[in-house]
Amino acid sequence: MLKSRCLVILLLSCWLLTLSSCYRRPLVRPSGNVEFTEKQMDSISFARTHHYTMNFNFVVSADSVMLTRQLPEEMLSDLPTDSFAVRRHAQLVVADVRVLPADSVDSVWVELADVNGQFGWIHESELLERVDPDDPISQFISFFSDEHMLIFMVVFVVILVGYGLRKLLRRNAHLVHFNDIDTFYPTLLTLVVATAATAYSSVQLFVPDEWQEFYFHPSLNPFSQTTLIAFFLATVWATIIVAIAAVDDTLRHLPIGEAVLYLLGLAGICAVNYIVFTVSTLYYIGYLLLFAYIAFALWRYFTVTKSNYLCGNCGQQLKKKGVCPHCGALNE
């Protein structure tokens, strides 16, 4: 039974890793002496610092983006201008970039083209507030990084989890860390989620430029990223794999009704961990909380939850010697 379970988990892990095969190829450096034009050098330099350049695709995430048909120089000279709106979810492609040091608002202007062949200019700072890179991973990151979304999640999760945990504890139902079942996977899942949330905030805190590059050119392959981002991606993959194992083992230990309640409670604990460690790490408190939480979770599992004996009559797990609660046999 244990061998078949390990085989299933191994096969699922291999299948998930195959999904990471589509990743951004690293920049291929030409061999020999290659001469670039001044415009090409400017484009390469801009791409390194701004993480995008000509022909990069965006999608509108705000209600609309206003683009001006006239050149930036005409707008700075207060000449008459004509604007048009590009609506939410519309795709845009970068057609040109200009740097105008005389502009006191934002020296970088970006020309964009929509699917209808219309061209227009906008300040870069205004553009990036209203668009996301045209990649589902980038849009997922943007969605969960939004301040309003984070505040809503905090309020919703605290209320829902607080009410749910109160109900579960009053019913003496199984709950990870408190009235846990004898399997390490749920505890491991909470620890992996807490570690992933800490790594997520650490990347934004210590290597924001690398995180910005990852945001514009995302990849699910940890081997194609820098060290800290690779560690974060590894924890994400570990979360998926351990979650599958936790669900499988929970269904083996509990009836379906109790298993659903237990997994809902486990999901609530993981949601709280994500919010607490994501926010607290930004203020450096998360690292102390993480060490304390790991110590607490391991202490609870190995001293309270883990069964050290097996019944000599029915083979069920026992936390201590004595009368077996399953078959009534005496174990000394």
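See the structure shown above.
The following paragraphs examine the structure supplied in this document.

### Overview of the overall build of the protein chain
So, step 1. In terms of regular secondary structure, the protein chain is built from eleven helices and eleven strands.
So, step 2. Classification of the 332 residues of the protein chain by burial places 38% in the buried group.
So, step 3. Partitioning the intrachain contacts of the protein chain with sequence separation of at least 6 by distance along the chain shows that 59% fall at a separation of at least 24.

### Some remarks on the environment of Leu233
So, step 1. As for its position among the elements, Leu233 is in helix α9 (residues 227–253).
So, step 2. Sequence separation of Leu233 and Ala199 is 34 residues, and the distance between their C-alpha atoms is 9.1 Å.
So, step 3. Beyond its immediate sequence surroundings of up to four residues, Leu233 is in contact with Phe214, Ser219, Leu220, Asn221, Pro222 and Gln225.

### Focus on the packing of α9 against helix α10 (residues 256–281)
So, step 1. Relative orientation of the contacting elements α9 and α10 amounts to 145 degrees, with a least axis distance of 9 Å. The way α9 lies across α10 gives a crossing that is right-handed. Note on element contacts: α10 touches α9 through Ile256, Ala259, Tyr262, Leu263 and Leu266, opposite Ala246, Val247, Thr250 and Leu251.
So, step 2. Here the residues of the contact of α9 with α10 are counted per class, giving eight nonpolar, one polar and no charged.

### Looking at the side chain of His177
So, step 1. Structurally, His177 can be placed in the loop between α6 (147–170) and α7 (185–206).
So, step 2. A distance of 2.7 Å separates a polar atom in the side chain of His177 from a polar atom in the side chain of Tyr293.
So, step 3. Not counting the four nearest positions on each side in its chain, His177 is found in contact with Thr187, Thr190, Ile269, Tyr293, Phe296, Ala297 and Arg300.

### Re the pattern of salt bridges
So, step 1. One pass over the full model with this rule turns up five salt bridges.
So, step 2. A salt bridge links Arg252 to Asp248; the shortest N-O distance between them is 3.0 Å. Of the two residues, Arg252 and Asp248 both sit in helix α9, four residues apart, roughly one turn of that helix.
So, step 3. Residue classification places Arg252 among the partly exposed positions, given a relative accessible area of 40%.
So, step 4. Linked through salt bridges whose partners overlap, the residues forming this network are Glu73, Asp96 and Arg98.

### Observations regarding the packing of aromatic side chains
So, step 1. Enumeration over the complete set of coordinates arrives at 16 aromatic pairs.
So, step 2. Cluster of aromatic residues (ring-pair linked, three or more members): Tyr52, Phe56, Phe58, Tyr215 and Phe216.

### Section: the nonpolar core
So, step 1. One finds Tyr52, Phe58, Leu67, Val94 and Leu112 to be the most contacted residues of the largest nonpolar core, which totals 30 residues.
So, step 2. Mapped onto this core, the elements with two or more residues apiece are β1 (57–60), β2 (64–68), β3 (83–87), β4 (91–99), β5 (108–114), α7, α8 (208–216) and α9.
So, step 3. Ranked by the residues each element gives to this core, the list is headed by α8, at four residues.
So, step 4. Other than its neighbours up to four places away in sequence, Val94 contacts Tyr52, Thr53, Met54, Asn55, Phe56, Phe58, Val110, Glu111 and Leu112.
So, step 5. Core analysis: the next-biggest nonpolar cluster, separate from the first, contains 19 residues, Leu191, Ala246, Ile269 and Leu290 among them.

### Considering the pairing of strand β6 (residues 119–123)
So, step 1. In terms of burial, β6 is largely enclosed, as four of its five residues are buried.
So, step 2. Sheet topology places β5 next to β6; five bridges connect them, and they run antiparallel. Bridge pairing in β6 links Val110 to Ile122.

About the thresholds
- Residues numbered from 1 in each chain as written.
- Predicted model: local features only at pLDDT ≥ 70, side-chain atom pairs only at ≥ 80, totals over all residues.
- Heavy atoms only, no water.
- Helix = DSSP H or I, 4+ residues; strand = E, 2+ residues; numbered from the N terminus.
- Buried < 20%, exposed > 50% of the residue type's maximum accessible area, 1.4 Å probe, protein only.
- Contact = heavy atoms within 4.5 Å.
- Axes fitted to C-alpha atoms, helices over the stretch in contact; angles between N-to-C directions.
- Left-handed = near helix turned anticlockwise from the far one by under 90°.
- Nonpolar A, V, L, I, M, F, W, Y, C, P; charged D, E, K, R; others polar.
- Polar contact = N/O pair within 3.5 Å; in protein donor to acceptor, adjacent residues only side chain to side chain.
- Salt bridge = Lys/Arg side-chain N within 4 Å of Asp/Glu carboxyl O.
- Phe/Tyr/Trp six-rings, centres within 6.5 Å; stacked < 30°, edge-to-face > 60°.
- Core = buried A, V, L, I, M, F, W, Y, C linked by side-chain atoms within 4.5 Å.
- Pairing = 2+ DSSP bridges.

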